[in-house]
Amino acid sequence: MIFVTTGTQIPFDRLIKAIDEVYPYLGDLEVIVQVARAAYKVENFTPYEFIPPKEFDDYFDRADLIIAHAGMGTIISAFVKNKPILVMPRLAKYGEHRNDHQLATATRFDELGYIHVAYDEYGLKEKIKNLQKMPLKSLFNVNDYASKELIGSLRSFINLD
Amino acid sequence: MKILAIASTGGHWIQLLRLKPAFQDADVVFASTKSNFASTVKGYAFHSVPDASRWNKLQLIHTFFKIWKLISKTKPDVIITTGAAPGLMAVIVGKICNIKTVWIDSIANAEKLSMSGKLATYFSDKVYTQWLHLASDKVVFSGNIIR
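Visitor: So what's going on with the sheet that holds strand E2 (residues 31–34) of chain A? Residues and values would help.
Guide: Residue and element names in this part refer to chain A. Strand order in the open sheet formed by five strands is E2-E1-E3-E4-E5, and the pairing between neighbours is parallel. Edge strands, defined here as strands with exactly one partner in the open sheet, are E2 and strand E5 (116–117). In terms of strand pairing, strand E1 (residues 2–5) meets strand E3 (residues 65–68) through four bridges, oriented parallel. Bridging across to E3, phenylalanine 3 finds its partner in isoleucine 66.

Next up, the structure:
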């Protein structure tokens, strides 16, 4: 199952439209898509406007692949749950965010080899079309907490150690 | 030792929760902008504050006073935040009230410090970046929230 999420704060029509266009290529792969206020009218699947937190977690746990915007909340959750994640960064020029920090994060994490990145909708569609031949693997995983270095530094600064 | 750990929703909140081991042995109060986040910090005190962004001035003032009230009520020794706007306000109130404050800039700011993070360098006792290449004389790098 592929779980597609764009966060709930600002719509991300470009991602939803790309998923809609590539949907016919996915065969019998199950796809669950949270659209979150997108203005784009989906044609090929039944979109979920809002998914309550508990169900959201269930879909996330059940997914073989997460496709998302480059939001840190989603990326970290994928790392913790050891899920393959393919992101497309939101861009300020399309009004998808206030600035291009998602592009900066996606680029850095891509260089570190932590995530799969599609920099635009064409790249995204190509990667999705190839999924049947080339499934995406999880590239990176983490435990539940920050690095020992950061925890240690904080504890000594606030005089807990 | 009492700590107020505050952050807005999404990635900011998830990053704050990953710092939990830093608060061990302290009395921790969590605060965020979504009231249903209480369920993500079971066993801890939790308060919600109204959300605000830099783009809505009236909302900013409203949130600022709510955060001021929260801080006067909880009386923390230390305020820790991973951003964004509500965290910056908590840091400013902390400065005014002479409370030790720590700003941890989101790992999402990989190219430059966030605008709120830059402002935090004027008010906060310690500002961390999560990227080595962004460290400076005012901003410390000491690992990050992922590994």
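Visitor: So, the environment of Ala26(B): which residues are in play, and what are the values?
Guide: Considering the arrangement of structural elements, one finds Ala26(B) in the loop between helix H1 (11–17) and strand E2 (27–32). Note: C-alpha distance between Ala26(B) and Met1(B) (25 residues apart in sequence) is 5.3 Å. The residues touching Ala26(B), leaving out its near neighbours within four places in the chain, are Leu160(A), Met1(B), Lys2(B) and Ile3(B).

Visitor: Tell me about helix H2 (residues 57–74) of chain B, and please be specific about residues and values.
Guide: Residues and elements named next belong to chain B. Taking 1.5 Å of rise per residue, the 18 residues of H2 would be expected to cover 26 Å, and the 26 Å separating its terminal C-alpha atoms lies within 8% of that figure. Every buried residue of H2 is accounted for by Thr63, Phe64, Ile67, Leu70 and Ile71. Buried residues of H2, seen end-on, are gathered within an arc of 130 degrees and therefore sit on one face of the element. Of the residues in H2, the exposed ones pointing more than 90 degrees away from the buried face are Leu58, Ile61, Phe65, Ser72 and Lys73. Of the surrounding secondary structure, the elements contacted by the buried residues of H2 are strand E1 (2–6), E2, strand E3 (45–48) and helix H3 (85–96). Count one or two residues on from H2 and you reach lysine 75, which has phi positive near 45 degrees.

Visitor: Just give me the short version of the sheet that holds strand E4 (residues 78–81) of chain B, but keep the residues and values in it.
Guide: All names here are of chain B. The seven strands are arranged E3-E2-E1-E4-E5-E6-E7 in an open sheet whose pairing can be described as parallel. The strands lining the two open edges of the sheet, one partner per strand, are E3 and strand E7 (140–141). Looking at chain direction, E1 and E4 are connected through four bridges and run parallel. Bridging across to E4, leucine 4 finds its partner in isoleucine 79.

Visitor: Go over the interface of chain A and chain B, please, and point to the residues and values.
Guide: Tallying the contact residues gives 24 residues for chain A and 28 residues for chain B. At the level of elements, helix H3 (72–80), helix H4 (101–111) and helix H6 (148–157) of chain A are the ones that each hand at least two residues to the side of chain A that touches chain B. Of the residues forming the side of chain A that touches chain B, the biggest block, seven residues, is contributed by H6(A). Across the side of chain A that touches chain B, the residue classes tally to 13 nonpolar, seven polar and four charged.

Visitor: Hey, could you go over the nonpolar core for me, with residue numbers and the actual values?
Guide: Ranked by internal contacts, the top residues of the largest apolar core, which has 85 residues, are Val87(A), Leu4(B), Ala5(B) and Ala90(B). Not counting residues up to four positions away in its chain, the partners in contact with Ala5(B) are Leu16(B), Phe23(B), Val28(B), Phe30(B) and Ile80(B).

Visitor: Summarise the packing of H3(B) against helix H4 (residues 115–123) of chain B; cite the residues concerned and give the values.
Guide: Residues and elements named next belong to chain B. With their axes 9 Å apart at the nearest point, H3 and H4 run at an angle of 10 degrees to one another. Classed by the angle they form, the pair H3 and H4 counts as roughly parallel. Two secondary-structure elements touch here, H3 through Ala85, Leu88, Val91, Ile92 and Lys95 and H4 through Ser116, Leu119, Ala120 and Phe123. Here the residues of the contact of H3 with H4 are counted per class, giving seven nonpolar, one polar and one charged.

Visitor: Break down the pairing of E2(A) for me, with residues and values.
Guide: Residues and elements named next belong to chain A. Note that E1 and E2 share four bridges and pair parallel. By the bridge assignment, valine 4 is partnered in E2 with valine 33. For the crossover from E1 across helix H1 (residues 13–22) to E2, the handedness is right-handed.

Visitor: Kindly report on the environment of Leu131(A), identifying the contributing residues and their values.
Guide: With respect to the helices and strands, the residue Leu131(A) is situated in the loop between helix H5 (121–129) and H6. Each C-alpha atom of the pair Leu131(A) and Tyr25(A) lies 9.5 Å from the other, and the pair is 106 residues apart in sequence.

Rules and cut-offs
- Residues numbered from 1 in each chain as written.
- Chains lettered and ligands numbered in written order.
- Predicted model: local features only at pLDDT ≥ 70, side-chain atom pairs only at ≥ 80, totals over all residues.
- Pairing = 2+ DSSP bridges.
- Helix = DSSP H or I, 4+ residues; strand = E, 2+ residues; numbered from the N terminus.
- Contact = placed C-beta atoms within 7 Å.
- Expected span 1.5 Å × (residues − 1).
- Buried ≥ 20, exposed ≤ 12 C-beta atoms within 10 Å, placed from the backbone.
- Arc of directions from axis to C-beta.
- Nonpolar A, V, L, I, M, F, W, Y, C, P; charged D, E, K, R; others polar.
- Core = buried A, V, L, I, M, F, W, Y, C linked by C-beta atoms within 7 Å.
- Axes fitted to C-alpha atoms, helices over the stretch in contact; angles between N-to-C directions.
- Parallel < 35°, antiparallel > 145°, perpendicular 65-115°, else oblique.
- Right-handed = clockwise from strand over helix to strand, strands pointing away.

These figures capture arrangement, not role.
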